[in-house]
Amino acid sequence: MHHLLVTGGAGFIGANFVHYMIDQYPEYHIVVYDKLTYAGRRENLDPVADRPNYTFIQGDICDAEQVRQAITTHQIDTIVNFAAETHVDRSILDPDAFVKTDVLGVSVLCEAVRALQLERFHHVSTDEVYGPIPEGTCTETDAFRPTSPYAASKASGELLALSYHITYGLPLTITRGVNTYGPYQYPEKVMPLFITNALDDLPLPLYGDGRQVRDRLHVLDHARAIDLVLHRGQAGHAYNVAADCEKTNIEVARLIVQALGKPESLIQSVTDRPAHDIRYALDTSKLQALGWQPQVDFEQGFAATIDWYCQHQPWWRPIKSGDYLAYYRRQYGEHLATLLGSTSAQD
Ligand code: NAD
Ligand code: TYD
């Protein structure tokens, strides 16, 4: 395992994973292959742009010929697949792109791994494949009960990849991670959206009563877990990745306004997400048996994340304009959108 193709490596978790792996394994060649959708940003990879063991290719995982070329040109032996459409709310507005990338794209990668006999295909999946978990925790053998088009597409992609393992012996590993936070997260996801809105004294749109529970995992711990499964995981196996740090959305919203010295009145309840899963929670015994423990304490990771968005306004301010505004209006309605639009216009 020395030549890695990191698909979706210009997105949030992918870019953090690439930064981590390049430092951790200077002898590996890391090729990022990313379509650069609205969520993929070349500048997320600026910290490693000058490294001799790093290459960037703009490409779509649905394009079988371009995937094959990338693999053969760079003598790739391992694929780590982060590439996906990832936002639940967008999947409710427009499911089509989710089926294409999260299902058909995975099938293209599986075919390439099979035909070119690669050593490993690591697929990055999500806790959302299990569906809502009102009590207790899910283990890796529990049934899939996805509720959103995003979760259903991710579940379908995983099932297809597993079928390749069972039928053709594809050297597959899977990680199913919980809600991840940290630097470079696109500000449509709850934590960066709330932090950047609060910084501009804009409302924090809390869905429903905000009592939904999510486990909050720092992105560096997510990257370490994938590294561990890549090197010590068993082919044909999935591994849950979680932080055991459950927080409701309203708790997170309050922590954000407190940390930034803003009034709680900024937190505004808005229409709930359809089929909003009440809670996700995973059992991580299987990953712990490989030697994993999350290392980032929530208080520290959260404070560092707030600080990162305060210090990196040139990163997120351009994102929160243009197409983003059109999405924001569509998702949150004219009231919140007008506030966002008028503030952006003053910048
Ligand atoms: P992201 O939306 O920030 O990044 C996705 C990346 O994939 C972007 O760089 C985008 O340009 C790229 N991409 C999209 N379609 C592509 C295509 N057809 N071909 C090539 N590249 C394409 O997402 P993220 O939050 O970094 O998530 C990465 C992976 O981790 C996803 O598979 C997601 O399902 C999974 N995951 C995310 C979380 C989370 O909390 N963010 C939790 C668990 C699992
Ligand atoms: P999100 O960051 O979209 O991740 P996911 O849906 O993959 O878990 O949402 C996390 C939680 O925050 C989820 O319960 C929905 C909630 N949420 C809000 O309350 N308001 C928002 O504007 C967003 C984007 C999410």
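Residues numbered from 1 in each chain as written. Chains lettered and ligands numbered in written order. Predicted model: local features only at pLDDT ≥ 70, side-chain atom pairs only at ≥ 80, totals over all residues. Heavy atoms only, no water.

### Description of the overall build of the chain
Working step 1: Along its length, the chain carries twelve helices and 13 strands.
Working step 2: For 347 residues, the compact-globule estimate of 2.2 N^0.38 gives 20 Å, and the C-alpha radius of gyration of the chain, at 19 Å, lies within 12% of that figure.
Working step 3: In terms of its C-alpha atoms, the chain occupies a principal-axis envelope of roughly 55 × 45 × 35 Å.
Working step 4: Looking at the chain residue by residue over its 347 residues, the buried ones come to 57%.
Working step 5: When the accessible surface of the chain is summed, it comes to about 14,100 Å², and 50% of that surface belongs to carbon and sulfur atoms.
Working step 6: Across the chain, 28 positive and 43 negative side-chain charges occur, with their mean positions spaced 2 Å apart. (Helix = DSSP H or I, 4+ residues; strand = E, 2+ residues; numbered from the N terminus. Rg over C-alpha atoms; globule rule 2.2 N^0.38 Å. Buried < 20%, exposed > 50% of the residue type's maximum accessible area, 1.4 Å probe, protein only. Areas by Shrake-Rupley, 256 points an atom, 1.4 Å probe, with all protein chains shown as cover. Lys, Arg positive; Asp, Glu negative; His and termini not counted. Charge placed at Lys NZ, Arg CZ, Asp CG, Glu CD.)

### Describing the domain arrangement of the chain
Working step 1: Each assigned domain of the chain is listed with its residue range as follows: domain 1 (3-181 + 216-241) and domain 2 (190-213 + 245-274 + 300-341).
Working step 2: One C-alpha centre belongs to domain 1, the other to domain 2, and the line joining them spans 26 Å.
Working step 3: Taken together, the contacts link 13 residues of domain 1 with 19 residues of domain 2.
Working step 4: A combined buried area of about 1,500 Å² lies between domain 1 and domain 2, and 53% of that area is made up of carbon and sulfur atoms.
Working step 5: Counting every contact that joins domain 1 to domain 2 gives two salt bridges.
Working step 6: Of all the elements, helix H3 (residues 88-93) adds the most residues to the side of domain 1 that touches domain 2, at five residues. (Domains from an automatic or database assignment. Contact = heavy atoms within 4.5 Å. Buried area = accessible area lost by both parts, 1.4 Å probe. Salt bridge = Lys/Arg side-chain N within 4 Å of Asp/Glu carboxyl O.)

### What to know about the pattern of salt bridges
Working step 1: Following the criterion strictly, the structure yields 16 salt bridges and no others.
Working step 2: Measuring nitrogen to oxygen at the nearest pair gives 2.6 Å for the salt bridge that ties Asp96 to Lys100. Note that Asp96 and Lys100 are positioned in helix H4 (residues 96-115) at a spacing of four residues, about one turn of the helix.
Working step 3: Asp96 sits in the partly exposed class, given a relative accessible area of 49%.
Working step 4: Of the residues examined, Lys100 reaches a relative accessible area of 42% and is grouped as partly exposed.
Working step 5: Of the charged contacts, one joins Glu111 and Arg114 as a salt bridge, the two residues approaching to 3.3 Å between their closest N and O atoms. In this pair, Glu111 and Arg114 are both assigned in helix H4, three residues apart and thus about one turn of the helix distant.

### Section: the site of ligand 2
Working step 1: Taken together, 19 residues lie near ligand 2, and Glu128, Pro205, Arg273, His276 and Tyr332 sit nearest.
Working step 2: Between ligand 2 and the protein, one listed contact pairs an oxygen atom with a backbone N or O atom of Tyr207 at 2.9 Å.
Working step 3: Residues of the shell around ligand 2, tallied by class, amount to eight nonpolar, five polar and six charged.
Working step 4: Both domain 1 (3-181 + 216-241) and domain 2 (190-213 + 245-274 + 300-341) contribute no fewer than three residues apiece to the shell around ligand 2. (Near = heavy atom within 4 Å. Polar contact = N/O pair within 3.5 Å; in protein donor to acceptor, adjacent residues only side chain to side chain. Nonpolar A, V, L, I, M, F, W, Y, C, P; charged D, E, K, R; others polar.)

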